[in-house]
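# Survey of secondary and tertiary structure
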Amino acid sequence: MADPALVHLTVNGQPLQVPAGTLLIEACKQHGIEVPSFCYYPNLSLQAACRMCLVEIEKMPKLQTACTVVVSEGMVVNSDSETVHRARKSAIEFILTNHPLDCPVCDAGGECELQDMTFKYGAEQGRFVEPKRHREEQQWSPVVYFDRPRCILCYRCVRACGEGMDVWALGVANRGINATIIPSHQDHLECEECGNCIDICPVGALTSGAYRYQTRPWEMQHVGAICTFCGDGCKTTLGVRNGEILRGDNRDKSGINGDFLCIKGRYGLDFTRHPERLKQPLARRDGELQPVSWGYALETAAKRWREIQKAQGAIGVIGSTRILNEEAYTLQKFARQVLGTPHLDHHRTADFPALFDALAGRGAESLARLDDLKTAPAVLLVGGDPTPQHPLTAWNLRWGYRQHKTRLYVLNSGDIKLRRQAYRYAQVASLAAAVRYLNGEGEAQSAPLTGVAEPSEKRWPQTPAAEVARLDEGLQDFRARLRQEQDVIIVFSGDIAGDSVRDLVAFGNSLSGQTRYLALADNANARGAADMGLYPDLLPGYVPVAAGQAGLNLEQMLAALPRQGLASLYVVGANPFRSHPVAAGDLKQTFLVVQDLFLTETARQADLVFPALCAYEKAGTVTNTGGQVQPQRRGGGCEGAKSDLEILHRLAAAMGEAAWGAADPDRTLQEIRAQVKGYDLPLAKLLAGEAPLALPLNGRVPRAAADLPLRPHHDTLFTAGTLGRYSATLNSVMEGRADKR
Amino acid sequence: MTTPHPLETRVVSRRFDQPDAHTLAGYLASDGFRALEKALAMAPDKVIEEVKASGLRGRGGAGFPTGLKWSFVPKQSPREKYVLCNADESEPGTCKDRLILEYDPFAIIEGMLICGHAIGAHRGYIYIRGEYRYLLDRMEQALAEARAAGYVGKNIRGSGFDFELHAHTGAGAYECGEESALMESLEGKRGIPRLKPPFPAVSGFMGGPTVINNVETLASIPPILLNGGAWFAAFGPPKNGGTRLFCLSGHVERQGVWELPLGFPLRKLIEDLGGGMRNGAKLKAVVPGGSSTPLLPGNVAWDLNLDFDSVAKVGSFLGSGGVVVVDENTCMVRFALRIMQFYRHESCGWCVPCREGTQWLQTSLTRFHNGGGRAADVDLMKEVSENILGRTFCALGDAAAMPTLSILQHWRQEFLDHLAGKPCPFGARTTAGAVGAH
């Protein structure tokens, strides 16, 4: 018998079968029947404004918009009749009446939906002979430009900004032929500058200040890369011309982020073209860093390290949360095998070891992917502010709230924007105490609240003094409601660590239904650095080192510098001196080697600097904060710089490790898949970008002898650690803000 | 105040000659709120049955049966239900609701209260056209009196029935007379229409089940309740129950608003009530029900009876009751242009065919009338109108296309007489500017 959840209909004589509740336009798309549209956009509210998707439906006297009609049993549709073709042709003709035909200079030319549809469905000649209405172009922000005559009023930008981003900075003003999209502040935008409005624009009405008039789409190669800013792992398709990265977007909706990108992912990548990029190794001579050849630099490092090894001096290694998995794996191997040192660490922003320790003995069912947030019935968010720090996480949480009525419980010490989507919101003085309370230990009073919000209070209400008394009750209610949930994803940031993470998992495991976990770490490959064993006490896959063999952690290494406790410090893609300033005198006895893109606070103090390529300029894999492994592809280049993998291999060769051979990311990946437990991922899926989940759940993870406090970046919308400082676009947005104040 | 004409049947307008009907005392003195009293004693279903029996069809323009509309509202609803009065009277040629608002505001209040009882709503809004600012004051005054006397508010006159009623002003948009755009506007948003379904009876104002009726429709309710549905239905031909207000304008000797039974001959309206054609000119065309309805040639109109079905039979609509008479001295190209200027100005801009099409037609007609017409324009304008018709989000596009198409069809020769280089044959004699106040 027919499945009641399926509906049968006929389109152009072809029988279709789709789930009940499907929109006709989607039903057609699923079966390869194109119904053209401009204003319809999946998962945004319905408009029926462009009238492009009109189709004939039997028993309905007028043409119907396929984007608003829900399929029904026995429906007979014709999307290919003479009437329908005439209607489409006329819709295009109407749209083109006031649309300037400046395609040869328009940024969208070549990738314009109106252009494509005019070719496919439009007339060969226009019949509108009246003068077109012209308006001057407007600049709304450093990144957003608006060319009003080109706008076809599909309202996609308005919805992407409002419904998708929860920013609501775009609106519609005036009526009739004077109707227009307007920015939030009269003549300019004050928004999150994410640029989703620009990429969702089907024509060239909204264009990007970071890209406009630089090239034509067909002159670029389009390379699918993974964003190098936060840990969410968005795919960004790089537009590359002559080795130069000109733009990033994800219009093809591939990757885990669909077409979403934040400002950093879309515009921050211009750091690759920053004039201060290092393109030659530097060595300190006469107190100054001076350009030297690669051969000299590599020889110098190898020679000094061999001397230090002979003298049994201590060498510290600080790795990066932005280098690729292959490089992180090779770095720990280099440190442990070539330099022979246990002193290895990285800048930690989330406590993965504590999470995996708490989850010991469990499997994939206990880990949540970022995507799962879109459909989760309930989510508990502890600490952090995903809106600026993990924009895709925030996007997915809003998606779930919008499309699936996700109940979002927020436990935070501050007032974060996701409060607007919160089902229950508890603002507490101490997250650790609140988590302990959730887990049933201690009193609610130990985690004093400053506010509990109901979902109806959308606009960040201040807690009235009279209500403070019932706040204690609020946390009880918060916990009681959570306990009734059957399927919860617990998301936590680096604002909690160690025992708090274990308390949180204990609480999650005490819930009756399914509970999954997601830890939020900063920077593109923070999770990869952790998984690949950039720890003084953990080998790749969180396997503990032999008892008593643990080295110094990052803070211990830095603390050792003034005491001349390290003979050498090798810093790869990190900038520890930014948070821990070190006086020049403290480094007198330390041979400091830094490998980076720019002369950072750390690199400026170095004895030797290797210029490195950035993530967009090399191939390999990265692991996002949820453990999804994705391929990184080489988009651009930087003459003179080398990948961290290549530098490591060359250093190994210079140190006499002949067996290492030339750098080859594919071979290293094979080694990782074979050696790192939880990384034996299906290669085909990985390379196809299906983002398979790494599962480094390898039993108990012992607590470190010395706890290293986490240091989350607490990035804003427009900052991203050290790297973001070199993006002209990010800087211009912040300067624009400052000017307006 | 208007004195009745001997040919009139005054039901809705029965208080138009009573100088104090707009005060509560005056209203009560002439049967005021007696229908409410009667309705509150009836079961809600019985009230709806009575309205159904009256054959009352919406007086706003679409002519949907009122009783049926009320019966669509679900009995149980988790959301609050509402009664809205559409007093955004903006259709060119229509000026009847303003008389009710001015002379008999309590009848609207009473009609809404009865509707509230019938559908189980306890809150209502009267959305008054922005240009009717003085009528907003009038209505506010009536509401204040009604509230003070316990006819609006909690436990109305001890009946246990609660109903809150507020007046609200529009801001000068024709589109806000479209019921769903009115609701958007009333909710404080931009006045654009909503997707249907869901229809207002299921999800309307603030997402609650809503009945929205025209002023005249609501003002017809109290007499129907007092005298019975059958009494009202008997005024007109079958399925076209009752009387309605006809607004006669254009080239007649005497313009005005008269209440006539449905099915009243148009010829008698022009000759007996309107005093005949102005200066004895010949009749060229008639707009039968407001500017949105297709124009009828004089010879067709002359024998027409003014009820929903008769007008539909000759290819137009009874619409809002705005009858515009056009004489032989009128340039129909200019007439089409004047109508299109209105619709271009009033298109909300939401959907493509209406936004772009009305502007296209308006610019083309302007050029055409100014002597720049090309032979190809006549068929092109027809095709552009056809491309608007039936393809827009709401009925405003149809409203712009239908009169234009009818003019292009019936007076094509006048367009050909305007072709390039020729001045308007009607020259200064043209008087089409009489249409519409916008």
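## Quick notes on the interface of chain B and chain A
Taken together, the contact pairs 33 residues of chain B with 34 residues of chain A. Taken together, both faces of the contact between chain B and chain A bury some 2800 Å²; the carbon and sulfur share is 54%. Three residues stand out in chain B for area buried against chain A, namely Trp350(B), Trp360(B) and Arg391(B), and they jointly supply 25% of the buried area on that side. Remark: the boundary between chain B and chain A carries 4 salt bridges. Between Arg175(A) and Glu346(B) there is a salt bridge, with the nearest N and O atoms lying 3.1 Å from each other. Only helix H14 (332-346), helix H15 (352-372) and helix H16 (375-388) of chain B provide two or more residues apiece to the side of chain B that touches chain A. In terms of residues, the side of chain B that touches chain A owes the most to one element, H15(B), which gives 10 residues. Taken together, the residues of the side of chain B that touches chain A sort by class into 12 nonpolar, 11 polar and 10 charged.

## Topic: H14(B)
Residues and elements named next belong to chain B. The terminal C-alpha atoms of H14, which comprises 15 residues, lie 21 Å apart, in line with the 21 Å expected from a rise of 1.5 Å per residue. Taken across its 15 residues, H14 has 11 buried, putting it largely inside the fold. The complete set of buried residues in H14 reads Met332, Val333, Phe335, Ala336, Leu337, Arg338, Ile339, Met340, Phe342, Tyr343 and Glu346. Looking at the buried side of H14, the elements it contacts are strand E8 (283-287), strand E11 (322-327), H15, helix H17 (396-410) and helix H18 (412-416).

## Considerations on the nonpolar core
Considering soluble globular proteins, one finds that nonpolar side chains tend to be buried as a cluster. The biggest cluster of nonpolar side chains holds 204 residues, and the ones touching the most others in it are Leu24(A), Phe38(A), Trp305(A), Phe334(A), Tyr570(A), Phe610(A) and Tyr616(A). It is H14(B) that provides the largest number of residues to this core, a total of 9 residues. The contact partners of Phe38(A), leaving out residues within four places of it in the chain, are Cys50(A), Met52(A), Ile92(A), Ile95(A), Glu113(A), Leu114(A), Met117(A), Ile152(A), Cys154(A), Arg156(A) and Pro202(A). Val51(B), Leu56(B), Val83(B) and Val215(B) belong to the second largest nonpolar core, which has 63 residues in total.

## Side note on the packing of helix H8 (residues 325-339) of chain A against helix H19 (residues 665-675) of chain A
All names here are of chain A. Running from N to C, H8 and H19 point in directions that differ by 70°, and their axes come no closer than 9 Å. As judged from the angle between their axes, H8 and H19 are roughly perpendicular. Contact residues: Asn325, Glu326, Tyr329, Thr330 and Lys333 in H8; Pro665, Thr668, Leu669, Glu671, Ile672 and Gln675 in H19. Broken down by class, the residue content of the contact of H8 with H19 amounts to 4 nonpolar, 4 polar and 3 charged.

## Some remarks on the pairing of strand E5 (residues 75-78) of chain A
All names here are of chain A. Burial along E5 is one-sided: Met75 and Val77 are buried, and none of Val76 and Asn78, which face the opposite way, are. Pairing of strand E1 (residues 6-11) with E5, which is carried by 3 bridges, proceeds in the parallel orientation. Following the sheet pairing, Leu9 is matched in E5 by Met75. Summarising the sheet, strand E3 (residues 54-57) and E5 pair through 2 bridges and their orientation is antiparallel. If you follow Ile57 over to E5, its bridge partner there is Val77.

## Brief notes about the packing of H14(B) against H17(B)
All names here are of chain B. The geometry of H14 relative to H17 is characterised by a closest axis approach of 10 Å and an angle of 175° between their N-to-C directions. Between H14 and H17, the angle falls in the class roughly antiparallel. Here H14 contributes Met332, Phe335, Ala336, Ile339, Met340, Tyr343 and Glu346 to the contact with H17, which in turn contributes Leu396, Ala399, Ala400, Pro403, Thr404 and Ile407.

## A look at the domain arrangement of chain A
Residues and elements named next belong to chain A. Along its sequence, chain A is carved into domain 1 (6-80), domain 2 (103-273), domain 3 (282-348 + 526-722) and domain 4 (352-520). On a C-alpha basis, the centres of domain 1 and domain 2 stand 27 Å from each other. Facing 13 residues of domain 1, the contacting portion of domain 2 comprises 16 residues. Carbon and sulfur atoms supply 61% of the area buried between domain 1 and domain 2, which totals about 1300 Å² over both sides. Among the residues domain 1 hides against domain 2, the three largest losses belong to Phe38, Tyr41 and Leu44. Together they make up 53% of the total. Counting the contacts that link domain 1 with domain 2 gives 1 salt bridge.

## Here's the deal with the sheet that holds strand E5 (residues 243-250) of chain B
Residue and element names in this part refer to chain B. Strand order in the open sheet made by the 5 strands is E6-E5-E11-E8-E9, with mixed pairing throughout. Whereas interior strands pair on both sides, the edge strands pair on one side only; in this sheet they are strand E6 (256-261) and strand E9 (296-297). Judged from the 6 bridges that link them, E5 and E6 form a sheet pairing that is antiparallel. Bridging across to E6, Leu248 finds its partner in Gly256.

## Brief notes about the packing of aromatic side chains
Per the counting criterion, the structure on display carries 36 aromatic pairs over all chains. When the centroid spacing of 5.6 Å and the interplanar angle of 55° are considered together, the rings of Phe368(B) and Phe415(B) count as tilted. Taken together, the residues span a long stretch of sequence, with Phe368(B) in helix H15 and Phe415(B) in helix H18 at a distance of 47 residues. In this structure, Phe368(B) and Phe415(B) share a single accessibility class: buried. Lying over the aromatic face of Trp399(A), Lys374(A) brings its terminal NZ or CZ to 4.0 Å of the ring centre. The side chain of Lys642(A) reaches across the aromatic face of Trp294(A), ending 5.0 Å from its centre.

## Some points on the environment of Val572(A)
Residue and element names in this part refer to chain A. Relative to the helices and strands, Val572 resides in strand E26 (residues 568-572). Looking at Val572, the relative accessible area reads 1%, which means it is buried. Excluding its chain neighbours within four sequence positions, the residues that come into contact with Val572 are Ile318, Gly319, Ser320, Ile323, Leu331, Gln595 and Asp644.

## Structural notes on the pattern of salt bridges
On inspection of all chains with the given rule, the structure shows 70 salt bridges over all chains. Residue Arg247(A) pairs with Glu111(A) through a salt bridge whose shortest N-O separation is 2.7 Å. One end of the pair, Arg247(A), is in strand E13 (residues 244-249); the other, Glu111(A), is in the loop between helix H2 (82-97) and helix H3 (113-121), and 136 residues separate them in sequence. Given the relative accessible area of 21%, Glu111(A) is considered partly exposed. Arg147(B) is the partner of Glu164(B) in a salt bridge, and the nearest nitrogen-oxygen pair spans 3.9 Å. One end of the pair, Glu164(B), is in strand E3 (residues 164-169); the other, Arg147(B), is in helix H7 (residues 133-148), with 17 residues separating them in the sequence. Take Glu164(B): its relative accessible area is 24%, and that puts it in the partly exposed class. By relative accessible area, Arg147(B) is classed as partly exposed at 35%. Residues joined by salt bridges that share partners form a network here, namely Glu111(A), Asp199(A), Arg247(A), Asp249(A), Arg251(A) and Arg266(A).

## Regarding the confidence of the model for chain A
Summary statistics for chain A give a mean pLDDT of 93 and a share of 95% for residues scoring 70 or more. pLDDT under 50 marks residues 455-469 of chain A. Its contacts with residues more than four places away, or in other chains, come to 17 contacts.

## Digging into the sheet that holds strand E1 (residues 82-87) of chain B
Adjacent strands of a sheet form backbone hydrogen bonds with each other and so pair up, either parallel or antiparallel. Residue and element names in this part refer to chain B. Strand order in the open sheet formed by 4 strands is E3-E2-E1-E4, and the pairing between neighbours is parallel. Sheet topology places E3 and strand E4 (210-214) at the edges, where each strand pairs with a single neighbour. Taken pair by pair, the neighbouring strands of this sheet meet at an average axis angle of 20°, ignoring direction. Strand direction decides the pairing type here: E1 and strand E2 (residues 123-128), joined by 5 bridges, are parallel. Along E2, the bridge assignment pairs Leu84 with Tyr125. Its contacts with the sheet put helix H9 (residues 215-227) on E1 and E4, and the angle it makes with E4 is roughly 95°.

## Here we look at the confidence of the model for chain B
Residues and elements named next belong to chain B. Mean pLDDT over chain B: 94, with 97% of residues reaching 70 or higher. When the criterion is pLDDT under 50, residues 428-438 qualifies, and its contacts beyond four places in sequence or with other chains add up to 25 contacts. Predicted complex metrics record ipTM = 0.94 and pTM = 0.93.

## What about a nonpolar patch on the surface?
Taken together, the side chains of Phe64(B), Leu68(B) and Phe72(B) present a nonpolar region at the surface, about 260 Å² in accessible area. The exposure class assigned to Phe64(B) is partly exposed, which follows from its relative accessible area of 37%.

## Section: unusual backbone geometry
The peptide bond linking Lys196(B) to Pro197(B) adopts the cis configuration, its omega dihedral lying at -5°. Here Pro197(B) is to be found in the loop between helix H8 (179-186) and E4. At the junction of Pro197(B) and Pro198(B), the peptide bond is cis and its omega measures out at 5° in the coordinates. Relative to the elements of secondary structure, Pro198(B) occurs in the loop between H8 and E4. One non-glycine residue, Asn43(A), lies in positive phi territory at about 70°.

About the criteria used
Residues numbered from 1 in each chain as written. Chains lettered and ligands numbered in written order. Predicted model: local features only at pLDDT ≥ 70, side-chain atom pairs only at ≥ 80, totals over all residues. Heavy atoms only, no water. Contact = heavy atoms within 4.5 Å. Buried area = accessible area lost by both parts, 1.4 Å probe. Salt bridge = Lys/Arg side-chain N within 4 Å of Asp/Glu carboxyl O. Helix = DSSP H or I, 4+ residues; strand = E, 2+ residues; numbered from the N terminus. Nonpolar A, V, L, I, M, F, W, Y, C, P; charged D, E, K, R; others polar. Expected span 1.5 Å × (residues − 1). Buried < 20%, exposed > 50% of the residue type's maximum accessible area, 1.4 Å probe, protein only. Core = buried A, V, L, I, M, F, W, Y, C linked by side-chain atoms within 4.5 Å. Axes fitted to C-alpha atoms, helices over the stretch in contact; angles between N-to-C directions. Parallel < 35°, antiparallel > 145°, perpendicular 65-115°, else oblique. Pairing = 2+ DSSP bridges. Domains from an automatic or database assignment. Phe/Tyr/Trp six-rings, centres within 6.5 Å; stacked < 30°, edge-to-face > 60°. Lys NZ or Arg CZ within 6 Å of the ring centre and 35° of its normal. pLDDT = per-residue confidence, 0-100. Patch = residues over 30% accessible without salt bridge, like charges linked within 9 Å, V, L, I, M, F, W, Y side chains within 5 Å. Areas by Shrake-Rupley, 256 points an atom, 1.4 Å probe, with all protein chains shown as cover.

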